[in-house]
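Working through the structure, step by step
What follows is the residue order along each chain.
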Amino acid sequence: MCIRDRVIKLTRKSVSNGNIFYIVVLFLGLLILYHHVIENLFIIWISRDQYSYALLIPFISIYLLYEKRSIITRCYLKPDKRGLLIVLLGYGIFLLGSFSFHPFSSRISFFILLFGFVFFYGGFDYLKSLLFPFGILVLSIPLPSLLENTLLFKLRLISSALTEQILHLFGISVFRQGNIIDIGIMQFNVANACSGMSYLLPLLCLAIIIGYFFSKSFWIRLFLFISAIPITLVINVVRITATAIIADYWTREIATGFMHAFSGWLLFMLGFVILFIETKILTRFFKQKPNLTLRSKSTQKIERKYVNKSIGPLPIIVTVCLFAIFIGGYYAIASKKANFPVPNLSDLPRVIDGYKGKIVPEDQGIKAFSSVTDSITCVYTKNEADPIVAYIGYYRTTPKLKGFIHTPEVCLESTGWKVKEINNYKLRVADNSSMINCRLVFSERPSIKQVLVYWYQIGDFATGHERLAHLYTGYDAIFGNYNDAIKIMISKDYIHASEREKSFQELVAFTQKFYPYFIKTMRISDN
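Counting starts from 1 at the beginning of each chain's written sequence and moves along it residue by residue. Selection of residues for local features in this predicted model requires a pLDDT of at least 70, selection of side-chain atom pairs for listing and counting requires 80 or more, and totals for whole chains, interfaces and linings are taken over all residues. The basis for every side-chain value is the complete set of non-hydrogen atoms in the structure, without hydrogens or water.

On to the confidence of the model for the chain, then. Predicted coordinates in regions of low pLDDT should not be interpreted in detail. pLDDT measures how confident the predictor is about each residue, on a scale from 0 to 100. The predicted model of the chain averages 77 in pLDDT, with 75% of residues at 70 or higher. Summarising per-element confidence for the chain, the mean pLDDT is lowest in helix 12 (residues 297-305) (44) and highest in helix 5 (residues 82-98) (91). Low pLDDT, under 50, characterises residues 290-309; the predicted model gives this stretch 33 contacts beyond four residues in sequence or across chains. We call two residues in contact when some of their heavy atoms are within 4.5 Å. Low pLDDT, under 50, characterises residues 399-403; the predicted model gives this stretch 18 contacts beyond four residues in sequence or across chains. Each helix is a run of H or I in the DSSP string that is no shorter than four residues. Each strand is a run of E no shorter than two, and both are numbered from the N terminus.

Moving on, we get to the packing of aromatic side chains. For this analysis, a ring pair means two rings from Phe, Tyr or Trp (six-membered ring only for Trp) whose centres lie within 6.5 Å, classed as stacked if their planes differ by under 30 degrees, edge-to-face if by over 60, and tilted for the remaining angles. Evaluation of the coordinates by the stated rule reveals 26 aromatic pairs. Measuring from centroid to centroid gives 5.2 Å for Tyr34 and Phe110, while their planes differ by 80°, and the two rings are edge-to-face. Highlighted residues: Tyr34 in the loop between helix 1 (3-33) and helix 2 (35-47) and Phe110 in helix 6 (residues 103-135), separated in sequence by 76 residues. Relative accessibility under 20% of the residue-type maximum defines a buried residue, over 50% an exposed one, and the middle range a partly exposed one, all with a 1.4 Å probe and only protein chains included. When its relative accessible area of 0% is taken as the criterion, Tyr34 is described as buried.

So, on to the pairing of strand 10 (residues 448-458). Most of strand 10 sits out of view: 9 of its 11 residues are buried. Two strands form a pair only when DSSP identifies at least two bridges running between them. Alignment of strand 9 (residues 435-445) against strand 10, held across 7 bridges, turns out to be antiparallel. Looking at strand 10, one finds that Val441 is bridged to Leu452. As consecutive antiparallel partners, strand 9 and strand 10 are separated by 2 residues. Sheet topology places strand 10 next to strand 11 (residues 461-463); 3 bridges connect them, and they run antiparallel. Note on strand 11: the bridge partner recorded for Gln457 is Ala462.

This next bit is on the nonpolar core. With 69 residues, the main nonpolar core has Leu33, Leu113, Phe117 and Tyr126 as its most contacted residues. Examining the composition of this core, we find that 14 residues originate from one element, helix 6, more than from any other. Those residues in contact with Leu113 that sit more than four places away from it in its chain are Leu30, Leu33, Tyr34, Val87, Gly90, Tyr91 and Phe326. We define the nonpolar core as a collection of buried residues of types Ala, Val, Leu, Ile, Met, Phe, Trp, Tyr and Cys that are connected through side-chain atoms lying within 4.5 Å of one another. Grouped together as the second largest cluster of nonpolar side chains are 33 residues, Cys378, Ile392, Ile436 and Trp455 included.

Among all positions in helix 3 (residues 57-67), only Ile57, Ser61 and Leu64 are buried. When helix 3 is viewed along its axis, its buried side chains cluster within an angular range of 60° and face the same direction. Among the exposed residues of helix 3, those oriented more than 90 degrees off its buried face are Phe59, Ile62 and Tyr66. Buried residues in helix 3 make contact with helix 6 and helix 8 (197-214). Within this analysis, the arc is defined by the directions that extend from the helix axis to the C-beta atoms.

Note that strand 5 (residues 355-359) and strand 6 (residues 374-381) share 4 bridges and pair antiparallel. Within the sheet, the bridge partner assigned to Lys358 lies in strand 6 and is Val379. By the bridge criterion, 7 bridges tie strand 6 to strand 7 (residues 388-395) in an arrangement that is antiparallel. Residue pairing in the sheet places Ser375 in a bridge with Gly393 of strand 7. Taking the residues between adjacent antiparallel strands as the criterion, strand 6 and strand 7 are bridged by 6 residues, where Asn383 takes a positive phi near 55°.

Have a look at this one:
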């Protein structure tokens, strides 16, 4: 072996050891900083069917790192200080997400920090070599709650409508109302579990992985990814239709028993086979140029220079110091205590401007979905007028990510309401001392309509915008008083469209009187 080859061999070994050590340090720091986020993710993975596939994603990432080890360990390292700006951005998003009831921001900040540190340590070439093995971990992150619930709602409606048409073709009498299908002998609800989401997300993930391993064409990979959506709809409609047909010709027990559960697994495997066949057909008819070498430009650069310039221990020392600061800063904020007592929601006044209130039992499903610390629903009546319903949800600021502020539109659609109109509205309180920036929502069901006003209260700050509430809650926790968040929804039902204006005026008048009592009862003015 010549001197040149020995130098290259020793250089590669040194670079390999340094790269592996830095990756180990990086993930140890991230695991310590994000342990509560990872714990929450693991609970979601094992408790929700649509995300159970995510348990395999970390192992796939490890395999991809192993598969690309020859390129990763021989990549020319060129530290870039601009990576530190990305790191600081990621840490800021992490803090805001952790203390503002927005888990998705905290989860996605993991990857901003990860890519920022990689870019800082090795530069663009090093980041590029690790982009897919680390980037695939993004697929294990649950969708934002608003997007997920919108997809669930749309998938349920589309699947129900297509099933209705197919059942008509089979000569089966069927009546559909929203996502409820009635075939006479059986009425079943196309619930979230049957929406197709448990097919869609794993198939999208499979499409990305299959495209990566079997095709180098961007357009083929994109086509595979998009095709997972119609494949999901087809196999989900087949499953729902088969359930209805079996129930019509045999019994409900057979339709909803073992056969229903087994068909879900069988049809998912069918979707996987369709994706694989689709890949083979596309790669066969669209010839691709073979990859003649596995060596990247960065690898060739190493061999030309013989020796990879040593970057020294400074990047690792900086990384360790930053993690120490980040972890210490996070726990310093998390250990802060609110400077006011937790409000007792049961103290809400029962009499407001002639209206008499009565506490009613809450829907436990909605309460669990909202993940509120505490909540109360009070129905106010006055003479013979239709009642006005006031709902208060209290979110205790916590870094454990067990709750999240979300818009009432999510709850409305999940309980059968169809939102028709949303407007920003400035509501002047009864004593004319302040204005509330709130949101006005008009929605309806088949036989009833509703007008609703809502806003979020964080200390003295009131807003109807969800994202602004998230930002202010996080900002207040980090720099201010660590105030908690309260969501207030006040609604009034009516039947005829001609009653809309009258119901709206009554709701506004009540809310104007309600707000001062609310501020006093919740002790917000003492903050």
